[in-house]
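In case you want the letters, here they are:
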Amino acid sequence: MPNLTLPDGTLKEFDQPVSFADVAKSIGPGLFKSAVAGKIEEKIFDLSYLINNDSNISIITRESEEGLEIIRHSTAHLMAHAVKELYPEAEVTIGPVIENGFYYDFAIENPFTDEDLEEIEKKMQEIAKQDLPISREVWLKKDAVEHFKNISENYKAEIIQDIPDDEDLSIYKQGDWLDLCRGPHVPSTNLLNAFKLTKVAGAYWRGDSSNKMLQRIYGTAWADKKSLNHYLEQLKQAKKRDHRRIGKDLDLFSIQGEAGGGLVFWHPNGSKIRQVIEDYWRTKHLEAEYELLYTPHIALDTLWQTSGHTDYYQESMYKPIEDENKLYRLKPMNCPFHVLIYKNQLRSYRDLPIRWAELGTVYRHEMTGALHGLMRVRGFTQDDAHIFCTEDQVETEITNILNLTIEILHAFTFDQYEIHLATKPEKFVGKDSIWTKATKALEQALSSKGLEYVIDEAGGAFYGPKIDIKIKDAIGRLWQCTTIQLDFNLPERFDMQYIGSDGHKHNPVMIHRTLLGSIERFFGILIEHFEGKFPLWLAPTQITILTISESQNNYAATIYEKLKNIGFRVKIDLRNETIGSKIRDHTLKKVPYFIIVGNQEVKHDQISVRTQKGDDLGTMEFDQFVTNLTTELTDKK
RNA sequence: GCCGGAAUAGCUCAGCUGGUAGAGCAACUGAUUCGUAAUCAGUAGGUCGCAAGUUCGAUUCUUGCUUCCGGCACCA
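On a predicted model such as this, the values are computed, not experimentally measured, just so you know.

Participant: I'd like a description of the pairing of strand E22 (residues 354-363), backed by residues and values.
Facilitator: Counting buried positions along E22 yields nine of ten residues, so the element is predominantly enclosed. Of the pairings in the sheet, the one linking strand E18 (residues 291-292) to E22 comprises two bridges and is parallel in character. Bridged to Glu291 within E22 is Trp356. Here ten bridges tie E22 to strand E23 (residues 379-389), and the two strands are oriented antiparallel to one another. Opposite Ala357, over in E23, you have Ala385 as the bridge partner.

Participant: Please set out the domain arrangement of chain A residue by residue, giving values where relevant.
Facilitator: Domain boundaries in chain A define domain 1 (3-61), domain 2 (66-238), domain 3 (273-296 + 332-530) and domain 4 (543-635). In this structure, domain 1 and domain 3 have C-alpha centres spaced 52 Å apart.

Participant: An account of unusual backbone geometry is needed here, citing residue identities and associated values.
Facilitator: A cis amide bond, omega -5°, links Gly183 with the succeeding residue Pro184. Its place among the elements puts Pro184 in the loop between strand E13 (177-180) and strand E14 (195-204). Going from Leu352 to Pro353, the amide bond is cis rather than trans, its omega being 0°. By secondary structure assignment, the location of Pro353 is in the loop between helix H12 (335-343) and E22. Phi at Glu289 is positive, roughly 65°, even though this residue is not glycine. Within the secondary structure, Glu289 sits in the loop between helix H9 (268-287) and E18.

Participant: With reference to specific residues and values, describe the pairing of strand E15 (residues 213-221).
Facilitator: The element E15 is extensively covered by neighbouring structure, given that seven of its nine residues are classed as buried. Pairing of strand E10 (residues 101-107) with E15 involves six bridges; the strand directions are antiparallel. Paired with Tyr103 across the strands is Tyr218, a residue of E15. Pairing of E14 with E15, which is carried by nine bridges, proceeds in the antiparallel orientation. In the sheet register, Tyr204 faces E15, and the bridge partner there is Met213.

Participant: Describe the environment of Asp384, listing the residues and the values that go with them.
Facilitator: Mapped onto the elements of the fold, Asp384 is located in strand E23. Under the relative-accessibility criterion, Asp384 is labelled buried at 6%. Spatially, the C-alpha atom of Asp384 lies 23 Å from that of Lys449, the residues being 65 residues apart in sequence. Among residues more than four places away in sequence, those in contact with Asp384 are Trp281, Asn334, Trp356, Ala357, Glu358 and Arg513.

Participant: An account of the packing of helix H13 (residues 394-411) against helix H14 (residues 432-448) is requested, with residue identities and associated values reported.
Facilitator: Following both chains from N to C, one finds H13 and H14 inclined at 40°, their axes separated by 8 Å at the closest point. The angle between the axes of H13 and H14 places the two elements in the oblique class. Here the hand of the crossing between H13 and H14 comes out right-handed. The residues of H14 that touch H13, namely those facing Val394, Glu395, Ile398, Thr399 and Leu402, are Ala441, Leu442, Gln444, Ala445 and Leu446. Along the lines of polarity and charge, the residues of the contact of H13 with H14 split into seven nonpolar, two polar and one charged.

Participant: Hey, could you go over the sheet that holds strand E19 (residues 298-300) for me, with residue numbers and the actual values?
Facilitator: The three strands lie next to each other as E19-E21-E20, forming an open sheet whose pairing is antiparallel. Since the sheet does not close on itself, it has two edges, and those belong to E19 and strand E20 (321-323), each with one partner. Strand after strand, the sheet turns through a mean of 35° between neighbouring axes, direction not considered. As paired elements, E20 and strand E21 (residues 326-330) share three bridges and run antiparallel to each other. Note on E21: the bridge partner recorded for Ile321 is Tyr328.

Participant: Talk me through the side chain of Ser58; I want residue IDs and the actual numbers.
Facilitator: Tracing the backbone shows Ser58 in strand E7 (residues 55-61). Sequence-distant contacts of Ser58, that is, excluding residues within four places in its chain, are made with Pro7, Phe20, Gly38 and Lys39.

Participant: Outline the packing of helix H3 (residues 65-86) against helix H4 (residues 114-129), supporting the account with residue identities and numerical values.
Facilitator: Here H3 crosses H4 at 110°, and the two axes come no closer than 8 Å. It follows from the interaxial angle that H3 and H4 lie roughly perpendicular. Regarding H3 and H4, the two cross each other, and that crossing is right-handed. Touching Thr75, Leu78, Met79, His81, Ala82, Val83, Glu85 and Leu86 of H3 are Glu119, Ile120, Lys123, Met124, Ile127 and Ala128, all from H4.

About the cut-offs
Residues numbered from 1 in each chain as written. Chains lettered and ligands numbered in written order. Predicted model: local features only at pLDDT ≥ 70, side-chain atom pairs only at ≥ 80, totals over all residues. Heavy atoms only, no water. Buried < 20%, exposed > 50% of the residue type's maximum accessible area, 1.4 Å probe, protein only. Helix = DSSP H or I, 4+ residues; strand = E, 2+ residues; numbered from the N terminus. Pairing = 2+ DSSP bridges. Domains from an automatic or database assignment. Contact = heavy atoms within 4.5 Å. Axes fitted to C-alpha atoms, helices over the stretch in contact; angles between N-to-C directions. Parallel < 35°, antiparallel > 145°, perpendicular 65-115°, else oblique. Left-handed = near helix turned anticlockwise from the far one by under 90°. Nonpolar A, V, L, I, M, F, W, Y, C, P; charged D, E, K, R; others polar.

What follows is the structure in structure tokens.
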């Protein structure tokens, strides 16, 4: 005779065990209709689960986060069911829920095509309409293994083998198809009506590249058609921001097969933006008392042996180049070079901290399949810096780095982050005591800045703990750019030293840090973040002057000269085209401001201003315009 | 690197089962001199990614290579 307490505190009394479905029904038909599962305390159960005892319960509806997850999970099963009906020879493996959807991996001889996906989707709709009840059964492990082996579902049998003997095995049935699953699931297939299969791709069994490759089908599923369409629309919008598309449209950069994959060509427009970014970066680093370095692009292989790179990262380093019987390597990192400069003279504790920064171009042989626009390339420039300091200086230095990071990211309108602090892994170098001290210093620096962070337990590199910062872009995606890493390894490997106040030699602590990460990748992120509509201070062309007809050419030229002399990046369009056509062209080129001059403007010695967004700011004095833009530049808006 | 797909004019794309290519935009020329997202007309533009094979004949079929796309694996 369970007494059930609902989330709002209401007490419901029943004189016999009841299912969640009945409870929902007793509360209201609307709730019953949208119910997909139930919850006792924090545990989730099927709607059909019978509640025997007094408990705190709640009903999970299809719109809730948990409800959606159940719908997605059940849709994954629905897809597997459909695949088995169409391709009985396919073997099912696993089908988890992922962000916005699900996937299911199948072992099958002939890979699925896009046409197959359509067929499968149709079959899914068919099964969903049949309104098949989804029921749960508990099986013994050995029965389950035997069953799946009998029907040649070897992967499933293997999965079951790995489940501990004492655990209950639940099997879910819909129609004559069944699958091992922890559940819960929606009570019937007709609750699944807003889904779409999105793509098919290969994926390794158990995620191991030495295993067989399976066929993975991805899909998305939602509580209703409206949410599904909303999501599909979002996907389309995200696609419109693709930096490869915009990079081509705005003539920012290219990557050319003729030169090789993953090597970036910065066109004049992209180069202009990069130059502005780098100038700003340099200014800020000089202000923060860094000194700037330049180092070579290649060095003797033996240097990379000393640094340990050839041991750990050989596969992603380019092969050695031979010259005069010596082997050289393209640099995959800048740090050993900075170390060499450090070692070039005797250092005293009075010299520390030393802060050296370099926009250093490195080359890494990424695997072909990994290359992706500007996001993953083979040659890129890191905004790298190394700080050499004493153990006691670590916290202050980290605080300084965080300050600089926040200021620089803010300039690019990135003000929301997710911060990770990665601690000592199982395999590590250096003394426990210094790890503890250093990790504490990182924590201290973060908390004193009031920054929230999550601890990534044992996620540090073998050579030291680190802070990673992920920034949130305009459509909520996270990108890891900043990383601040302590290194107890290189100072020892290279036998770096300083003379302490005690007159003895000590190893300095080395901090590696990059704020933007790779300039190429950061540029890609910026393109997507701004959708190509760069703020005034970054825009390759800031102003375009458009004439109505030929008679304003001279006036336009004077305006042009004046703006250019002030330092604006300005262009002039004297083409024999209608004003509408000119506006369209430059709007599509994402120029922030247009100055339009016709006979009216010439007559009153004024200009008419329009923005890229389409706002007509009307006519104004030239000086007014310059003042407005100068403010905008200072504010970096 | 692995699985699948793709590569045609500067860009976006069409070209059925083999008979050496077509549109729109851009470019160029001319007309038009125009008031806030496309003025009109004409011209030119292609080793159909590269190499080999099958064939009387290959953009089309086969193989290899290169690059790109979607995932997987990898990412100091």
